[in-house]
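Structural description and commentary
Spelled out, the chains give:
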Amino acid sequence: MKGKILRITIIFSLLLIAVTVILSLLSNKKTSQDSRSEQIVNMNEISQLIKAGDYALAQAKAETFRDSLRESPLESAVGIKGTVMCIITIFFMAMVFLYVYIKILRPFDKMKAYAAEIAKGNFDTHLDYERSNYFGAFTWAFDSMRKEVVRSQAAEREAIENNKTVIATLSHDIKTPIASIRAYAEGLEANLDTSPERRAKYVSVLMRKCDEVTSLTNDLFLHSLSDLNMLQMQPEEFELVPFLKETITEISADQGDVIFKKPDITPVISVDKKRLTQVVENLINNSRKYAKTEIEVSLTGSKDTVELHFLDKGPGIPDEDMPFITDKFYRGRNCGKENGSGLGLYIVKYIAEQSGGTLRLQNRSGASTGLEAVVTLPRSEP
C-alpha cells in the first residue's frame, strides 16, 4: 500500500507540474508577442539613429537591446512565478505523503504485523495504541479482543484442570466405600456374622456403602456432562405434600435428623419428579454433611407459586462465599475436610430454573439460626 500511495503522489506531482508549465507557457505567449513587437520597434529606432548619424545613442540602444535578449531559457519558458509554483506543489505533495505515512500507513503496518503474530498464536504480544490516530479505536478493540481470547483460554485451561481434579477426587472417593464393601462381604463369606445383630450390622454397613457409591457415581455422571442441558426434564403433574413426605422418609432412613412440617396447603405442581427428588436429596445431604444438625423442611405458598424451605441449625455460608456458592465446582471456605465436588448447589439451582422456579440461599439469625435454602416452584393451573 505504501508503494501505491507513493506512486500516486509522484504522478499527481508531475501532473500538477505539467499543468503549471502549460499555464505559464500560455501566460508567456502574449508576453512573447509583445516582446517581439518591442524588439522590432527597438531595431527600427536603432536604424534611424544610425541614418541620422547619432552613433553614440544608437550604440547605447543596441547594448540595452542585447541585454534583454540574454534572459535565461527557464525564465523565458516558464517564468519565475511558474518555477515557484512548481516548488510549492512538490513540497505540498511531499508533506501530504509524509502525513499519510505517519498517520495511516505506519499504524496500518503495525496492525498488519500484530495480526500476523496473533495468527501465529502469540497472544502475549502487546499492541500500543494511540487514540489520536485514525486506527486508535480499532486498535483498542483489536487488543481488547486479544485480551478476551487470552482470558477465555485461561478459563478453559482452569476448567480442564478442575475437571481433572474433580474426576480424580471422585475416583479416589469411590475406592473407600468399595474397600469397605469388600471387607464386609469377605466377613459374610467367612461366616463372621455369628449373631443376628452382627449380621444386621454387616448388612446395614453394606447398604450404606452402596448408597455412598451410588451418590459418588451420580456426581461423576453429572460431572461428565459437558452441559447440564443434556439432563432430560420430563414434567408431570402431582400433589407436592405426599411426594415430599415419602421422599423425606426415604432419605431420613429413621435417623430422625430430618423433620417435615406438614403444611395446611395441598399444592399441585408440574415438574420432573426424579429431578425434584434430586433437589431434595442434595439440599438435605448438604446440611447433613456441613451443618451436622437436624434439618427442618417446610412448605409455604401463594396463588401462583409454592416455596420449599430447608433450614438447618449450622453456621451457614460465609458472606464472602454467598455470591459464588452456586457456581460450578465452587466450595465454601468453611467446608473443612469434607469431601465434595462443588456440584450440589449448582445442580439444584439449574433444576429449579429449568422447572420454572428459583433457588434462594440466606443465613438466618435470631431464634432460627442457620442456613435456609428456599426453592420456589410454579403451581399448576387450577
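Preceding this section is the structure that the text describes.
Only a predicted model underlies this, so the values are computations on that prediction, with no experimental measurement involved.

1. Description of the sheet that holds strand β7 (residues 370-378)
- Read from one edge to the other, the open sheet built from five strands follows the order β2-β4-β5-β7-β6, with strand pairing classed as mixed. The sheet is open, and its two edges are formed by β2 (258-260) and β6 (358-364), each paired on a single side. In this sheet, adjacent strand axes meet at a mean angle of 20° when their direction is disregarded.
- Relative to strand β4 (residues 295-301), β2 runs parallel, the two being bridged by three bridges. Pairing of I259 across the sheet is with E296, part of β4.
- Sheet strands touched by helix α9 (residues 344-354): β6 and β7. Its angle to β6, the strand with the most contacts, is close to 135°.

2. Some words on the nonpolar core
- Membership of the largest hydrophobic core comes to 38 residues, with the highest contact counts inside it found for L240, L244 and L276.
- Y114, I118, F123 and F142 belong to the second largest nonpolar core, which has five residues in total.

3. Brief notes about the environment of K209
- Here K209 lies in helix α6 (residues 196-224).
- With 28 residues separating them in the primary sequence, K209 and I181 have C-alpha atoms 6.4 Å apart.
- Sequence-distant contacts of K209, defined by excluding residues within four places in its chain, comprise P177, S180 and I181.

4. What about the pattern of salt bridges?
- If you walk through the whole model with that rule in mind, you get four salt bridges.
- The closest approach of N and O atoms between R182 and E186, which form a salt bridge, is 3.1 Å. Of this pair, R182 and E186 both sit in helix α5 (residues 136-189), four residues apart, which is roughly one turn of the helix.
- According to the relative accessible area criterion, E186 is partly exposed, its value standing at 39%.
- Two residues, K261 and E296, come together in a salt bridge whose shortest N-O distance is 3.9 Å. With K261 in the loop between β2 and β3 (268-271) and E296 in strand β4, this pair connects stretches of sequence that are 35 residues apart.
- Owing to a relative accessible area of 24%, E296 belongs among the partly exposed residues under this scheme.

5. Comments concerning the packing of helix α8 (residues 273-291) against α9
- Where α8 meets α9, the closest approach of the two axes is 9 Å, and the angle between their N-to-C directions is 145°. For α8 against α9, the interelement crossing comes out left-handed. Of the residues in α9, those in contact with R275, Q278, V279, N282, L283 and N286 of α8 are G344, L345, I347, V348 and I351.
- Within the contact of α8 with α9, the residues separate by chemical class into six nonpolar, four polar and one charged.

Calculation notes
Residues numbered from 1 in each chain as written. Predicted model: local features only at pLDDT ≥ 70, side-chain atom pairs only at ≥ 80, totals over all residues. Heavy atoms only, no water. Pairing = 2+ DSSP bridges. Helix = DSSP H or I, 4+ residues; strand = E, 2+ residues; numbered from the N terminus. Axes fitted to C-alpha atoms, helices over the stretch in contact; angles between N-to-C directions. Contact = heavy atoms within 4.5 Å. Core = buried A, V, L, I, M, F, W, Y, C linked by side-chain atoms within 4.5 Å. Buried < 20%, exposed > 50% of the residue type's maximum accessible area, 1.4 Å probe, protein only. Salt bridge = Lys/Arg side-chain N within 4 Å of Asp/Glu carboxyl O. Left-handed = near helix turned anticlockwise from the far one by under 90°. Nonpolar A, V, L, I, M, F, W, Y, C, P; charged D, E, K, R; others polar.

Honestly, it's all geometry; don't read function into it.
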